[in-house]
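# Architecture at a glance
Listed below, chain by chain, are the residues.
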Amino acid sequence: MNHPAPLPLRPGGPALPRPALSVVVPAYNEQEVLPAFHARIVPVMEAIGLPFEVVYVNDGSRDTTLEIMLRLQATDPRVAVVNLSRNFGKEIALTAGLDHAAASDAVVVIDADLQDPPEVIPELVAAWRRGFDIAYAQRRVREGETWAKKATAAAFYRVMQRIGGRVQLPPNTGDFRLMSRRSLDALLSLREQHRFMKGLFAWVGFPSVAVLYDRAPRAAGTTKWNYWKLWNLSLEGITSFTVGPLKIATYLGFATAVFAAFYAMQLIIRTLIWGNPVAGYPSLLAVVLFFGGVQLMTLGVIGEYLGRIFNETKGRPLYIVERHLPSDAAYRQAISVPSGAQRVAESGTSGASAA
Ligand code: UDP
Ligand code: MG
């Protein structure tokens, strides 16, 4: 499905020891924070006492993120790097990292910007050791976020809770979580293009538990989200999660039709009793505009779903890997890392043309 530079097969095949834990870190333009992130996650993981790897996914960054990752990978045998051919967006970068996670026991998903404190990971691991397949970190407070973002996030979770039905999204929960190998395998069997990860995590099921933590403001760099992107994420969440809006369109159309019928009846009766002195031009226009609006809206709702069906039917791979450097020192020596010049040329062509 993906076409990384040809890699030699693992000499020992499955006999090579696999790390028990994989930490998957998607990163897009995170040069300011990545070294600090690595310095902070390594002692936390070492303290857990299980063999681990850190899988960095470079999501088509335009800065030196890839160079930093390659440097980390060259100096630390526990680092794996997946370099995508362009910017695919966080949800897909995350999927790419999960696909390449070698862990035999569990994976941890965490943001590179240190907003998800690595110090919570031991608690997630503890919950997993108690027998939970999924331990998700739930935010206690949202520091460093405007009240408007908090309010829109709260409204979004309320709507999702209403329409979610059997599959319920835990509120104030991001992608920061631990998943057991079997729940990860279940998640990876879902290959849809429109990946609303929170919805997919919830759909998979398995015994889950929340671990509360305080979310810190970004350590460095800037958020990649703006309101337009958040709006699109919400649309993605709702349309990939439920066909509820299609029903809303039906009911809205039905309600306006009923209203129009009563309105027309009232008009007829009035005309029969009092005649029709002046033709009601404004009201006519209002009605026409109203129905025009309702029709466009319902068409738009259908279009949202149609567009998603279109994207799914193309059956494209979710992402293209430019390069995959696995963790494991012995194996890594067999792979020749492209020279700096070649690397720049390659990453230069990875511009997000279709992002
Ligand atoms: N990210 C990514 N691809 C993108 C945008 C973001 O891999 O196109 C990564 C980013 O580097 C970070 C994580 O996703 O590690 C969360 O991004 P961000 O901090 O911008 O989002 P927020 O914390 O505001 O939800
Ligand atoms: Mg962030």
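Just so we're clear, the structure is a prediction, and the values are computed from it rather than from any experiment.

A few words now on the packing of aromatic side chains. Within this structure, the stated rule accounts for three aromatic pairs. With a centroid separation of 6.1 Å and 75 degrees between ring planes, the pair formed by Phe37 and Tyr56 is classed as edge-to-face. Here Phe37, found in helix H1 (residues 34–48), pairs with Tyr56, found in strand S2 (residues 52–58); they are 19 residues apart in sequence, far enough to count as distant. On the basis of relative accessibility, which here comes to 0%, the residue Phe37 falls in the buried class. Residue classification places Tyr56 among the buried positions, given a relative accessible area of 0%. Aromatic pair Phe176 and Tyr213: ring centres 5.6 Å apart, planes at 90 degrees, arrangement edge-to-face. With Phe176 in strand S6 (residues 173–180) and Tyr213 in strand S7 (residues 208–215), this pair connects stretches of sequence that are 37 residues apart. A relative accessible area of 2% means that Phe176 is categorised as buried. The residue whose ring lies beneath Arg86 is Phe88, and the NZ or CZ to ring-centre distance is 4.0 Å.

Around ligand 1 there are 19 residues in total, and Glu30, Asp59, Asp113, Gln115 and Trp225 lie nearest to it. Take Tyr28: an N or O atom from its main chain is 2.8 Å from an oxygen atom of ligand 1. Gln115 places a polar side-chain atom, nitrogen or oxygen, 2.7 Å from an oxygen atom of ligand 1. Relative to its unbound accessible area of 530 Å², ligand 1 is 92% covered by the protein chains. Elements with a minimum of two residues in the shell around ligand 1: strand S1 (21–27) and helix H3 (90–99). When its residues are assigned to classes, the shell around ligand 1 shows six nonpolar, four polar and nine charged.

Here the focus is the pattern of salt bridges. Per the stated rule, a full pass over the model turns up ten salt bridges. Here Glu119 ties to Arg40 by a salt bridge, and the two come within 2.7 Å at their closest N and O atoms. In this pair, Glu119 is assigned in the loop between strand S4 (106–109) and helix H4 (121–129) and Arg40 in helix H1, connecting sequence segments 79 residues apart. Relative accessible area serves as the criterion here: at 31%, Arg40 is assigned to the partly exposed category. Across the salt bridge formed by Glu322 and Arg323, the nearest N and O atoms sit 3.2 Å from each other. In this pair, the class of Glu322 matches that of Arg323, namely buried. Sharing partners across several salt bridges, the network here consists of Glu46, Asp76 and Arg78.

Taking 1.5 Å of rise per residue, 31 residues should cover 45 Å, and helix H9 (residues 244–274) covers 44 Å from first to last C-alpha, within 8% of that figure. Three or more residues of H9 are buried, namely Gly244, Pro245, Ala249 and Thr256. Backbone geometry just downstream of H9 places Gly275 in the positive-phi region, at approximately 75 degrees.

Of all residues in the chain, 82% have pLDDT values of 70 or greater, and the mean over the chain is 79. Ignoring residues within four places in sequence, the model shows residues 1–14, a span with pLDDT below 50, making 25 contacts including any to other chains.

Time to look at the packing of H1 against helix H2 (residues 65–75). Their axes nearest at 10 Å, the elements H1 and H2 cross at an angle of 30 degrees. Looking at the two axes, H1 sits roughly parallel to H2. Between H1 and H2, the contacting residues are Leu34, Pro35 and His38 on the first element and Thr65, Ile68, Met69 and Leu72 on the second.

Coordination of the magnesium ion (ligand 2) by the protein comes from Asp113 (OD) and Gln115 (OE1), over a distance range of 1.9 Å. Across the pair, exposure class does not vary: Asp113 and Gln115 are buried alike.

Bringing the nonpolar core into the picture now. Counting residues in hydrophobic clusters, the biggest one holds 42 residues, and the most contacted among them are Leu21, Ile41, Tyr56, Ile121 and Phe176. Beyond its immediate stretch of four places on either side in the chain, Leu21 contacts Met45, Ile48, Leu50, Pro51, Phe52, Glu53, Ala103, Ala106, Val125 and Trp128. Grouped together as the second largest cluster of nonpolar side chains are 30 residues, Val55, Ala80, Ile134 and Tyr319 included.

Our next topic: the environment of Tyr305. Looking at the element boundaries, Tyr305 is found in helix H10 (residues 281–313). Spatially, the C-alpha atoms of Tyr305 and Pro245 are 9.6 Å apart, while their sequence positions differ by 60 residues. Here Tyr305 is in contact with Ile238, Thr239, Thr242, Val243, Gly244, Pro245 and Leu246, once residues within four sequence places are set aside.

Calculation notes
Residues numbered from 1 in each chain as written. Chains lettered and ligands numbered in written order. Predicted model: local features only at pLDDT ≥ 70, side-chain atom pairs only at ≥ 80, totals over all residues. Heavy atoms only, no water. Phe/Tyr/Trp six-rings, centres within 6.5 Å; stacked < 30°, edge-to-face > 60°. Helix = DSSP H or I, 4+ residues; strand = E, 2+ residues; numbered from the N terminus. Buried < 20%, exposed > 50% of the residue type's maximum accessible area, 1.4 Å probe, protein only. Lys NZ or Arg CZ within 6 Å of the ring centre and 35° of its normal. Near = heavy atom within 4 Å. Polar contact = N/O pair within 3.5 Å; in protein donor to acceptor, adjacent residues only side chain to side chain. Areas by Shrake-Rupley, 256 points an atom, 1.4 Å probe, with all protein chains shown as cover. Nonpolar A, V, L, I, M, F, W, Y, C, P; charged D, E, K, R; others polar. Salt bridge = Lys/Arg side-chain N within 4 Å of Asp/Glu carboxyl O. Expected span 1.5 Å × (residues − 1). pLDDT = per-residue confidence, 0-100. Contact = heavy atoms within 4.5 Å. Axes fitted to C-alpha atoms, helices over the stretch in contact; angles between N-to-C directions. Parallel < 35°, antiparallel > 145°, perpendicular 65-115°, else oblique. Donors = N, O, S within 2.8 Å, 3.2 Å for Na, K, Ca; no water. Core = buried A, V, L, I, M, F, W, Y, C linked by side-chain atoms within 4.5 Å.

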